[in-house]
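# Structure assessment
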Amino acid sequence: MRTAIVFLAVATLAGCAGIQSPLSPAGDQAAALHSLFTLMMIVCGAVYLIVLLGIVWSVLRSGTQRRFDSASGGERRLDRGLYVAASAIVIGLTVLIVGSFIADRALVAAREDDAVIVRITGHQWWWRIEYRDPASGRWIETANELHLPLARTTRVQLASADVIHSFWVPNVAGKIDMIPGRRNVVHLTPRRLGWFRGQCTEFCGAQHAHMAFDVKVDGQAAFDSWLARQGSARAPRRQSGRGASVFVQVCGSCHRVRGTEARGRAGPDLTHFASRRSIAAGTLPMSRGGIQGWLAQPQALKPGTSMPTVPLEPADADAVATYLETLR
Ligand code: HEC
Ligand SMILES: [Cu+2]
């Protein structure tokens, strides 16, 4: 019996920790929502308990109780019960309203003056991510991996290129929809270093579940050097091998590698593709095998994706995979 209870507790509570959980807050916005959630659990749990006790009490009492012989005495007791119940409801709801107000204030309290500015566009089924370079003001494009500096606010502007998506990094902040033709904004102020996972949370088509992204929270210096690297283009003289030329010819109409002739915009920017942790919005881990698998069978791994299966000679496929690995 004891083992069964321990097993059940471990099986259910294990979902509370981890890299994709609002119950393990690692940012200011998630912490505010977590406090509100805890408050709701306590208030609603108390109400639930009181109701249960009331039922048990009345069931136990009904056997021994004589019928109300004096009508006025019974009514008075009933009145008292109603009065207690009504006060409990008013007090409980007031506590929840105040708690919700405080949590809402915390969500809009983020400091914007030195915020990192990011634009994220949802596509079926991947994320276009653009950082505004603080020095030059131009936009630095990447995809499917979000980096955030620790203890600083990032202001994320959300848009959609097709249908409604929803942006959620549960450990750091609440979710918010990405609606075509609208600009929603969410603030992320992370307080813990490390990797987290974000996920689209609005059903957006067959591969909705394969629309995830990795999130890395770094110290300021590490973040700055990551961003500087993402902003750099490839050196043209190093783009001369067979893989590079096949890539430009066959893939360059949809993918961009800055510094080369590949200038397509239909798919993710691949300038620093190999620096990412996963492939195709969290579908495969980044590895030689993952890259080859994706090139050979995108439609089998992510049926319906806008990336077509491109027929390549084995030697060419190999050369392109090697080329992609150099895009760090
Ligand atoms: C018709 C446009 C198109 C062509 C042609 C195309 N791709 Fe793609 N590619 C896409 C789209 C769209 C995605 C995003 C798919 C998804 O995640 O659902 C993608 C995703 C990828 C990814 C994963 C990117 C990431 O951020 O994880 C790689 C790598 C890739 N393509 C490589 C190639 C290579 C190499 C070729 C040429 C052999 C090629 N693609 C040809 C449209 C295209
Ligand atoms: Cu989506």
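Computed from a predicted structure; not experimentally measured. (Residues numbered from 1 in each chain as written. Chains lettered and ligands numbered in written order. Predicted model: local features only at pLDDT ≥ 70, side-chain atom pairs only at ≥ 80, totals over all residues. Heavy atoms only, no water.)

### A closer look at the coordination of the iron atom of ligand 1
For clarity, the cut-off: Because water is not among the atoms used, a metal site may look incomplete, as its donors are only the N, O and S atoms within 2.8 Å, or 3.2 Å for Na, K and Ca. For a four-donor site, all angles between 85 and 135 degrees give tetrahedral; for four or six donors, opposite pairs above 155 degrees with the remaining angles between 65 and 115 give square planar or octahedral; all remaining cases count as irregular. Strands are runs of DSSP state E lasting at least 2 residues, helices are runs of H or I lasting at least 4, and numbering of each runs from the N terminus. Relative accessibility thresholds used throughout: buried, under 20% of the residue-type maximum; exposed, over 50%; partly exposed, between the two (1.4 Å probe, protein chains only).
Taken together, His255 (NE2) and Met307 (SD) make up the protein donors of the iron atom of ligand 1, found 2.0 to 2.1 Å from the metal. Coordination at the iron atom of ligand 1 is octahedral: its 6 donor atoms span angles of 88 to 179° at the metal. Note that His255 is positioned in the loop between helix 5 (242-251) and strand 11 (278-279) and Met307 in the loop between helix 7 (298-301) and helix 8 (314-326), a separation of 52 residues in sequence. What makes His255 buried here is its relative accessible area of 10%.

### A few points about the coordination of the copper ion (ligand 2)
Within the first shell, the copper ion (ligand 2) binds the protein through His165 (ND1), Cys200 (SG), Cys204 (SG) and Met211 (SD), at distances of 2.1 to 2.6 Å. Coordination at the copper ion (ligand 2) comes from 4 donor atoms whose angles at the metal span 89 to 124°, giving a geometry best classed as tetrahedral. Counting gaps between the donor residues of the copper ion (ligand 2) yields the pattern H-x34-C-x3-C-x6-M. Of this pair, His165 sits in strand 6 (residues 165-168) while Cys200 sits in strand 9 (residues 194-200), placing them 35 residues apart in sequence. Cys200 carries the same exposure label as His165, and that label is buried.

### Some points on the pairing of strand 4 (residues 145-149)
Stated precisely, the cut-off is as follows: Strand pairing requires that DSSP identify at least two bridges connecting the strands.
Judged by how many residues are buried, strand 4 sits mostly within the fold: 5 of 5 residues are covered. Here 5 bridges tie strand 4 to strand 10 (residues 212-218), and the two strands are oriented parallel to one another. Along strand 10, the bridge assignment pairs Pro149 with Asp218.

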